[in-house]
Each structure stands twice: as structure tokens, then as C-alpha cells.
Amino acid sequence: MSAAQSMSMDPEPAGESRMKILLVDDTPENLVSLEAALGGLGEDLVMAQSGKEALRHLLNDDFAAILLDVRMPEMDGFETAELIRSRPRSRQIPILFLTGYRNEEHLFRGYDLGAVDFLFKPIVPEVLRSKVAVFVELSRSNAKLRQQADALRKQAAELQRAEQEVRRLNTGLEARVLERTEELMRSNEELQQFAYIASHDLREPLRTVSIYAQLLAKRYQGKLEGDADQFIKFIVQNAERMETLVHDLLDFSRIDVRGMDFFARTSCDKALDDAISNIGPLIAESGASISHDPLPSVMGDAVQLTRLFQNLLVNSIKYRDADAPRIHITAKENGDEYLISVKDNGIGIDPQYAEKIFGIFRVLQPRDRSSGSGMGLAICRKIVTRHSGRIWVESALGQGATFYWTMPRTA
Ligand code: ADP
């Protein structure tokens, strides 16, 4: 067998890579006995017959341990160890010196050069095997630790990149949200102004159209040819409808215009009573019965809270079923809010429209079956939002509807 040949005797330990052990001795027979003693470890044994040859191997490979004969021609074991220690790549490899002498000077020199142990010839195979096994194990654990540290370092560098990316995206997103909010606020204000101006300015010409259409109807009813009477009727009806729409739109756009000066401690009991008295004729005509629990006082705009109750009561009566309307109003404390509800026994609302009905000009019934403009609930939502609350409906078709809203509880 050539001295530089690497060989292994045992199968590779499961799941672990083989470690390399460098055996350096100028006597081939010694190498053979070392090889025989260490074969059972199942690691790769690399042999060198001189210090020079050993250094060549160390240029190409990493070793778990080096067994180094002290007495060799040309370059002895100590000189070889010095060169091994001088190279960063091989500085940490444990060196076991093989020597025939128990010479103190030798020992000191060896330990100075970083020897981890001395083995005295004649070598006892069991002692050699167990010592080398310890160093191989140490080296294997070290390699594993290094691998794990590497993996961790790599992971951290990834993580860092991901974090940077998230931070970059977040900054972009925040800027976009800010931009969009400003845009929305601008367009909201513009819309508000537009709604106000449009509804305000449209009122006059509309009134004129309506008055002249009514005049036409009065003076010429039955005196004109063909469908003229019918046409005049359409004009009158639609002008009136248009007036309602414009009036409600104006109302809607005015809600936010009322300043905070109108906010004061307001009794919801009183707001409800006012709403009931405002729609007295409708209640009487429909036979509606209205009951309520004690209601709280809140910080709010009394006129708008009355309007809120009024719109909801009118709806409960308008969208009644065959039975006379029965409406019940409750309030309860819920953390730092009040939860107020208006429950009716009317036709109910398909849950798929529960959110839509709060939109501007949203109606569920065909136009000809509803006199409403579809602004009632949009106005309610605007009032509740202005009072820092939320409003929603819980209902099912044919099951009546319960409108809920929240209002902050303030001291
Ligand atoms: P309007 O009553 O003028 O049509 P609203 O905004 O007040 O407009 O209501 C929107 C729609 O929601 C109504 O057209 C109606 O279909 C439905 N709705 C509102 N309140 C009730 C209720 N209490 N019961 C059943 N449906 C309702």
C-alpha cells in the first residue's frame, strides 16, 4: 500500500461524514501498525512518510487529528508541527506526537508547539484508538457547531434582507396611505361643497319648473289635446320628486357643516320624544305603538339626534308588514359606549343589503313603491359617525329589523 494512500476500514457512521486523520511516520511498518490500530474507528486515514508530504496533505484537506512521529529525517516532527501551527487553516488541528523517549525536554517542546498529547512507542493500540477517537469526536462536534453557526449567520442575513424589504415596503405604503388620505379628504371636501352648491343652486330653478307645471295643470287640465294632461302630470310628479332629492341632499351635506358648538349634554329620551311628536300624524295614521327603555344622556347635537330617531321611526313605520307597526327602543352600557337600538316588526331586510342601504340614494323597493329618496339611512350614518359611533342593522326578510348604533359614554 502506498504511504500516501487514504483508506477506510469500516462503513461510514450513519448520518455523519467521515473525518480525516493524518498519520505521519517515516517508517512504513509503523504506518501500517497505526493504520491497523485506527482502522476500526471508521474514519478516513491519510498517510504521509515525511513532514513535507504531511504539509502537502494539509494544503488540500482538513483533518480531525494529526499523529506525528517526532524522529524523522530532513524535517523532524517538531519542525513539521511548527509549520502546521503557522498556517491559519491547520492551526487548530490537534497534534499527537509519537515518540520513543520519555524525555522532559521533548515534552516541553512538544507542548509549546501545541501538542495535545504524547504517545510513547511501542504504541498500545487500544490507548491510541481511544485517544484518537476523543479528538475525532471533538473535531466532529466542532465542525457541526461551525456548520450551525454558518447556517445561523446565513439565516440572520436573510432575515435582515427580509426585514429591510418589509421596512422599505412599509415606508412606501405609509406614504401612499397618507397621499390617498389627503386626496380623499380633498375630494370629500370638494364633494361636500359640490353637493351643497348643486342642491342649493338647483332648488330655485326646480321650484320654478314645479310651480309652472302646477299652473299648467290647473289652467289647462282637460283643455289640451291628446296626452297633454298626462305629460303635465309627469312633469309635476317628477319636479316634486326632484325637489325631495335635492332637499335631502342638501340636508345630508349640511350635517357636517354644523359646528361643534351644537354639541352639548343631550337626553336621548328627549330627542326621542321630539322625534315622536314631529311625526305624530304618521304614527296616528299607521296605528304604530312605540315603547322604550330609559335612555341615556350623551354629548351630542340634539337636533341631529332627534333626526336620527325620526328617520329610523319613519322607516319602521314605512316598511311595515300587515300588522300595525310595533317599535321598541333600548339602550345599554357596553364598555365605554352606549349601545342603542330601534327594533320593529316590519318587512325586514335581506342581510345581503344590510350595508348597502346606508349608501346615498339607496332604496330596495322599486321607485314607484317607495316615496323615499334613499337618503334617510345615509343621513343616519353621517350623524352617528359625527358622534364617533357606528351604525348597522340586523335583520332578515319577514323578521322585522333592528337598527343598532353606538355613542361614546362621556363623564
Ligand atoms: P328611503 O326610506 O328613503 O328609501 P332609507 O335610506 O331610509 O331610504 O332606507 C333605504 C332602504 O332601506 C329603504 O328603501 C328600505 O328598502 C330599507 N329599509 C330602511 N329601513 C327599513 C326597515 N326598518 N325595515 C325594512 N326595510 C328598511
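Refer to the preceding data block for the structure.
The written sequence of each chain sets the order in which its residues are numbered from 1. Totals for whole chains, interfaces and linings use every residue, but because this is a predicted model, local features are given only for residues with pLDDT of at least 70 and side-chain atom pairs only at 80 or more, for both listing and counting. Note: side-chain values were computed over all heavy atoms of the structure, leaving out hydrogens and water.

Student: I would appreciate a short explanation of the side chain of Gln304 in the present structure.
Tutor: Under the DSSP-based scheme used, a helix requires at least four consecutive residues in state H or I and a strand at least two consecutive residues in state E, with every element numbered from the N terminus. For Gln304, the location among the structural elements is in helix α9 (residues 302-318). Every residue in contact with Gln304, bar those within four places of it in the chain, is listed here: Ile255, Arg258, Ile383, Arg386 and His387. Residue contacts are counted whenever heavy atoms from the two residues lie within 4.5 Å of one another.

Student: I tried to follow the environment of Gln237 on my own but got confused; where do I start?
Tutor: Mapped onto the fold, Gln237 is located in helix α6 (residues 228-255). For every residue, the accessible area obtained with a 1.4 Å probe (protein chains only) is divided by the maximum for its type, and the residue is called buried under 20%, exposed over 50%, and partly exposed between those limits. In this structure Gln237 comes out as partly exposed when scored by relative accessible area, which is 40%. Taking the C-alpha atoms as reference points, Gln237 and Ile327, 90 residues apart in sequence, are found 32 Å from one another.

Student: When you look at a nonpolar patch on the surface in this model, what are you seeing that I'm missing?
Tutor: Only residues whose relative accessible area exceeds 30% and that take part in no salt bridge are eligible for patches, with like-charged residues grouped when within 9 Å of each other and nonpolar side chains (Val, Leu, Ile, Met, Phe, Trp, Tyr) grouped when within 5 Å. Method for areas: the Shrake-Rupley scheme with a 1.4 Å probe, in which residue coverage is limited to the protein chains shown. A pair is scored as a salt bridge if a Lys or Arg side-chain nitrogen falls within 4 Å of a carboxyl oxygen belonging to Asp or Glu. Taken together, the side chains of Ile211, Tyr212 and Leu215 present a nonpolar region at the surface, about 290 Å² in accessible area. By the element assignment, Tyr212 lies in helix α5 (residues 125-220).

Student: Which parts of the structure should I look at to understand the packing of aromatic side chains?
Tutor: Any two aromatic rings considered together are summarised by their centre-to-centre distance and by the angle between their planes. Stacked, tilted and edge-to-face are the three classes assigned to paired rings of Phe, Tyr and Trp, where Trp is represented by its six-membered ring and a pair needs centres within 6.5 Å; plane angles under 30 degrees give stacked, over 60 edge-to-face, the rest tilted. Taken as a whole, this structure holds six aromatic pairs when the rule is applied. Ring plane angle 65 degrees and centroid distance 5.0 Å describe the contact between Phe78 and Phe97, whose orientation is recorded as edge-to-face. Here Phe78, found in helix α3 (residues 77-86), pairs with Phe97, found in strand β5 (residues 95-99); they are 19 residues apart in sequence, far enough to count as distant. According to the relative accessible area criterion, Phe78 is buried, its value standing at 2%. For Phe97, a relative accessible area of 0% puts it in the buried group. Placement of a charge over a ring requires the Lys NZ or Arg CZ to be within 6 Å of the ring centre, with the centre-to-atom vector within 35 degrees of the ring normal. The positively charged end of Arg381 is found above the aromatic ring belonging to Phe358, 4.3 Å away from the centroid. Over the face of the ring belonging to Phe252 we find Lys382, whose NZ or CZ atom lies 4.2 Å from the ring centre.

Student: Explanation requested: the environment of Ser267 in the structure shown.
Tutor: Structurally, Ser267 can be placed in strand β7 (residues 263-267). The spacing of Ser267 and Gly300 is 33 residues in sequence and 8.9 Å in space, taken between C-alpha atoms. The contacts of Ser267, once residues within four sequence positions are left out, are Pro296 and Ser297. At 3.2 Å, the side chain of Ser267 and the backbone nitrogen of Asp269 are in polar contact. In this structure the side chain of Ser267 is engaged in a polar contact, spanning 3.0 Å, whose partner is the backbone nitrogen of Lys270. A 3.5 Å cut-off defines polar contacts: any pair of N or O atoms within that distance qualifies, except that in protein one atom must be a possible hydrogen donor and the other a possible acceptor, and neighbouring residues in sequence count only when both atoms are side-chain atoms.

Student: Even after reading the chapter, I still don't get the pairing of strand β4 (residues 65-69), so can you show me in this structure?
Tutor: Two faces belong to every sheet, and in a regular strand the side chains alternate between them. With five of five residues buried, β4 is to be regarded as a mostly interior element. Covered by surrounding structure in β4 are Ala65, Leu67 and Asp69 together with Ile66 and Leu68, the residues of both alternating faces. Two elements, strand β2 (residues 20-24) and β4, share four bridges in a ladder whose sense is parallel. By the bridge assignment for β4, Val24 is matched with Leu68. Pairing between two strands requires that DSSP report at least two bridges joining them. As paired elements, β4 and β5 share four bridges and run parallel to each other. Of the residues in β5, the one forming a bridge with Leu67 is Leu96. Handedness of a crossover is defined as follows: with both strands directed away from the viewer, a clockwise route from the first strand across the helix to the second makes it right-handed. The handedness of the β4 to β5 crossover, carried by α3, is right-handed.

Student: Is there a simple way to think about the environment of Leu305 in this case?
Tutor: Take Leu305: it is sitting in helix α9. By relative accessible area, Leu305 is classed as buried at 2%. Remark: the alpha-carbon pair of Leu305 and Arg207, spanning 98 residues in sequence, is separated by 29 Å. The contacts of Leu305, once residues within four sequence positions are left out, are Thr266, Ala271, Val298, Gly300, His387 and Met407.

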